[in-house]
Amino acid sequence: MSDAILVSGLRKTFWTTTALDGLDLTVSTGEVHGFLGPNGSGKSTTIRILLGLLRADGGTAQVLGADPWTDVETLHRRLAYVPGDVTMWPNLTGGEVIDFLGRLRGGLDQAKRDALLERFDLDPTKKGRGYSKGNRQKVALVAALASDVDLLLLDEPTAGLDPLMERVFRDCIDEVRADGRTVLLSSHILSEVEALCDRVSIIKDGRTVESGSLTQLRHLTRTSLSAVLDRPATAADLSALHGLHDVVIEGDRLTGSVDTERIGPVLDALGAHGIRALTCQAPTLEELFLRSYQS
Amino acid sequence: MSAYTGTTELLRLAWRRDRVLVPLGILAIAGMAVSSAKAPLALYPTAESMGGAISEIFASPAAVALYGPIGNPTSPDSLAVVKMTMMGAVFLSLFGYAVVRRHTRSEEEAGRLELLGSGVVGRRAPLAAAVVLATGAVLITCLLTALGYIGLGMQSAGSVAFASGWAASALAFVGITAVAAQLSSTSRSCAGLAGGAIGAAFLLRSIGDSQATLSWLSWISPLGWSTQSAAYGANRSWVALLGVAVLVAGVIGSFALLDRRDLGAGLLAGRRGSAHAPASLSSPVGLAWRLGRPGFLGWLAGFVVGGLVVGGLAKSATDLIKDPGIADMLRKMGGGEGLLEDVYLTTEIGFISVIAAAFGIVVALRLRSEEVAGHTEQVLAGATTRSRVLASHTVIGLLGSAVLMLVLGGVIGVVDAAAGGSAGVGRLLASAAAHVPAVWVCIALAVCAYAWLPRIAAGVAWGALAVFLTVGEFGGLLGLPGWLIDLAPFTHSPRMPVEPFSLPPVVGLLAVAAALLAAAYAGFRRRDIG
């Protein structure tokens, strides 16, 4: 499978602020790729470089096999973009904006457009300033989804959508995936990422910290463990044991976290102390992200 | 909590945001007023040295339509301020308007007032803070100007009257803008309302001052008050009270409107529109035309009215000047020999070409406001190129300004011919067209500034126009060196129909404009957007 987006060692500095510091990102054709990171970590900067709006100071970026800075016109016929903060021309209606953005991309499917307006329950006759944040977001989404493009770049597209519309959005992305098209989805909504994304990349301070499928990422983290023991263990008993971390012993209760691949040996060792009660918990997505964000 | 809670905090915030802009505006206007008075004072230190002729020039209907009546034809002090009175009143009114709009409708449109409104801030506080800041800026400008004139040795009472006249005009527009900010639902329509009011006021007093039977029109125009103060003559300092009255009425009215509307909305509500885009809206230039069309039509209406006024006055203006001495002087001021009517029309068309350049700069700077609003990003994410995006508003500015000039020339010609004048439609069209290259240089400069220095593009573009205007208008009076005066593109426009058409300056101006546009493209294609 070829790669729709191939970024390596991307650097971008604004005056003295380093926005991207050697960022790597690979998005395979046909996948929905989650793009995650704390605020200010460089997600929007990356997307704007992929759009040719910003010029990278270093590193390479390829989008659909083309150079995003030089091959703007041909490349942009094949992609659509939804900004995180959609602003609308105050005196243009939503319908006019959808048509205009679609035509700039080389035309849009009228039947699809009307169906999407229906699904997103959007009134296209209101003027720009009459729309709420969520409705402005819908205008940009309809314009992007109604065009027949190979790649969708979505920068926090659902911030401001209500749960009902969030559901419609997920259905639409599933359809895009079924068509074999590619999506780069930047988002803070973890349930959305978990439901939609085949793979995710987590970035921090302009660098990629984790990348892979959610299952793979889960493996990189630890399982939390809490056990009540017959014969209390001492820190010295456990110091030789690999893979057990953050140990706290309170009377007969031991809590800690275990490297996921070391669960077996650790349980064996604890068995020697007589396990009376035991709870193990796989890491939640939230823990996964918090750990990556804070690392 | 009262409706005014937080006014002082908001005033401090406004001052923090404007601590460069406002002092700069004050110093620019007061400085221009004081420095422009020096040269005439040196030339004509006493009433005797003036002779009768000079003040009579400024009493001719053509000059009066532009500058307003002279306060006292026999006073050198009055002569020293005659050119600055009306122009300064317009600048100061625009200044007051800009400050009010900036902190009311523009803030509300940007959503920042919403953030403030959720804090411990009274409903009327933002508007009150904006009005206080604008009023303070206007009053300080007037005070500094009066002190500057007194410092030059000009009569004190007259200097106070001069400042009172300015204050009357500008304070009135502070009040009018406060109302406009409540009526309009966008920053742009607020500009249209308040700017239209300033334009209408200028037109009213222009007619009132030049037609004796309609002189009452000058008294209902706030801009008329700045000349009705008759500085260094009758010294009607009390006109300031008229301005204060309009300000108070405007503030009371705008508070009443404010209490009746929702945050973010105007009283002139937005309408619904089409669900589909017209075929013309499919390219960056189509978008630029769609966005710029209402503004262009407004300017076009202004140019038609201006053409009617200038053309209508042409014959009567020149018929009245019987004195051969004055006629000779006017010819010299016009820069050449020719029929007096031609001299008058050449001067007017040249002056109005500066206004056409202002239109073009407004359009060109829309490139910047579109980028700041995040719209350029959305357009460039489509399958278009940087050159097409840069060209979009530029083309509207260039073609629009040319159309404005041609319409102006045509209207003047037709009206003049109908009134029995002899200028001729064809000659005036040619004259108007000959001024277009200089206008284009100003627009191209604004585009170039946007491409290379986006953050300060507006300052560079307007600053350049102000310098060109000042150098062109006052360069001779101030005794500036020739090369400095030559920097102003307007001085190179063929002074048709007084002088024949001359190709080299036109080609030179077009070449400069083309070079600036090429430089703009070179800068725009390699810089970051947003």
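Rules of the game
Residues numbered from 1 in each chain as written. Chains lettered and ligands numbered in written order. Predicted model: local features only at pLDDT ≥ 70, side-chain atom pairs only at ≥ 80, totals over all residues. Helix = DSSP H or I, 4+ residues; strand = E, 2+ residues; numbered from the N terminus. Rg over C-alpha atoms; globule rule 2.2 N^0.38 Å. Buried ≥ 20, exposed ≤ 12 C-beta atoms within 10 Å, placed from the backbone. Contact = placed C-beta atoms within 7 Å. Pairing = 2+ DSSP bridges. Axes fitted to C-alpha atoms, helices over the stretch in contact; angles between N-to-C directions. Nonpolar A, V, L, I, M, F, W, Y, C, P; charged D, E, K, R; others polar. Expected span 1.5 Å × (residues − 1). Arc of directions from axis to C-beta. Domains from an automatic or database assignment. Parallel < 35°, antiparallel > 145°, perpendicular 65-115°, else oblique. Left-handed = near helix turned anticlockwise from the far one by under 90°. pLDDT = per-residue confidence, 0-100.

(A) The arrangement of the overall build of chain B in detail. Looking only at helices and strands, chain B features 24 helices and zero strands. Relative to its length of 530 residues, chain B is compact, with a C-alpha radius of gyration of 23 Å against a globular reference of 24 Å. Referenced to the eigenvectors of the C-alpha coordinate spread, the extents of chain B come out at roughly 65 × 55 × 40 Å. Within chain B, the fraction of its 530 residues that count as buried is 52%. Of the contacts made within chain B by residues no fewer than 6 positions apart, 77% connect residues no fewer than 24 positions apart.

(B) Spotlight on the sheet that holds strand β6 (residues 151-155) of chain A. Residue and element names in this part refer to chain A. Strand order in this open sheet of six strands is β5-β6-β7-β3-β8-β9, and the pairing throughout is mixed. Strand pairing shows two members of the sheet lacking a second neighbour, β5 (79-82) and β9 (207-213), which therefore form its edges. With direction set aside, neighbouring strand axes in the sheet form an average angle of 15°. Lying over the sheet, helix α1 (residues 43-50) contacts β3 (32-36), β6, β7 (182-186) and β8 (199-204), oriented at roughly 150° with respect to β6.

(C) Quick peek at the interface of chain B and chain A. Taken together, the contact between chain B and chain A spans 28 residues of the former and 31 residues of the latter. Among the elements of the structure, α15 (284-319) and α18 (375-380) of chain B are those that each provide at least two residues to the side of chain B that touches chain A. Per-element accounting of the side of chain B that touches chain A gives the leading share, five residues, to α18(B). Counted by class, the side of chain B that touches chain A contains 11 nonpolar, 14 polar and three charged residues.

(D) How the structure looks around unusual backbone geometry. Cis geometry is found at the peptide bond from M496(B) to P497(B), where omega equals 0°. Following the sequence through the fold, P497(B) ends up in the loop between α23 (482-486) and α24 (503-524). For D205(A), which is not glycine, the phi dihedral falls at a positive 50°. Mapped onto the secondary structure, D205(A) falls in the loop between β8 and β9.

(E) Representation of the pairing of β3(A) in the model. Residue and element names in this part refer to chain A. Counting buried positions along β3 gives five out of five residues, so the element sits mostly inside the fold. Of the two faces of β3, the one carrying V32, G34 and L36 and the one carrying H33 and F35 are both buried. Where β3 lies against β7, four bridges are found, and the strand directions are parallel. Considered in β7, the bridge of G34 is made with L185. Note that β3 and β8 share four bridges and pair parallel. By the bridge assignment, H33 is partnered in β8 with R199.

(F) Spatial organisation of helix α6 (residues 163-178) of chain A. Residue and element names in this part refer to chain A. The end-to-end C-alpha separation of α6 is 23 Å, in line with the 22 Å expected for 16 residues at 1.5 Å each. Taken together, the buried positions of α6 are M165, F169, I173 and V176. End-on, the buried residues of α6 take up no more than an arc of 85°, which puts them together on one face. Exposed residues on α6 whose side chains face more than 90 degrees from its buried face are P163, L164, R167, D171, E175 and A178.

(G) Up close: the domain arrangement of chain A. Residues and elements named next belong to chain A. For chain A, the domain assignment lists domain 1 (3-217) and domain 2 (221-294). Between the C-alpha centres of domain 1 and domain 2 there is a distance of 40 Å. Domain 1 puts nine residues into the contact, and the matching count from domain 2 is six residues. Here the residues of the side of domain 1 that touches domain 2 are counted per class, giving six nonpolar, no polar and three charged.

(H) Representation of the sheet that holds strand β11 (residues 244-250) of chain A within the structure. All names here are of chain A. What the four strands build is an open sheet, ordered β11-β12-β10-β13; its pairing is antiparallel. Both outer strands of the open sheet, β11 and β13 (275-281), are each paired with one neighbouring strand and no more. The sheet shows a mean angle of 15° between the axes of neighbouring strands, direction not considered. Pairing of strand β10 (residues 222-229) with strand β12 (residues 253-259), which is carried by seven bridges, proceeds in the antiparallel orientation. What sits directly across from S224, in β12, is S257. On the sheet, helix α10 (residues 263-271) packs against β10, β11, β12 and β13 and is oriented at approximately 10° with respect to β10.

(I) Layout of the environment of D57(A). Residues and elements named next belong to chain A. Mapped onto the elements of the fold, D57 is located in the loop between α1 and β4 (58-63). With 14 C-beta atoms counted inside 10 Å, the residue D57 sits in the partly exposed group. C-alpha separation for the pair D57 and F14, spaced 43 residues apart in sequence, amounts to 9.7 Å. With residues up to four places along the chain from it excluded, the contact list for D57 reads R11, K12 and T13.

(J) Structural view of the packing of helix α19 (residues 386-418) of chain B against α24(B). Residue and element names in this part refer to chain B. Where α19 meets α24, the axes come as close as 10 Å, and the angle between the chain directions of the two elements is 135°. For the element pair α19 / α24, the angle class is oblique. Where α19 crosses over α24, the handedness of that crossing is right-handed. The residues of α24 that touch α19, namely those facing R386, S387 and L390, are A520, Y521 and F524.

(K) Examining the confidence of the model for chain B more closely. All names here are of chain B. Across chain B, pLDDT averages 87, with 91% of residues at or above 70. Least confident of the elements in chain B is helix α16 (residues 324-334), whose mean pLDDT is 59; most confident is helix α21 (residues 436-452), at 97. Reported for the predicted complex are a pTM of 0.76 and an ipTM of 0.83.

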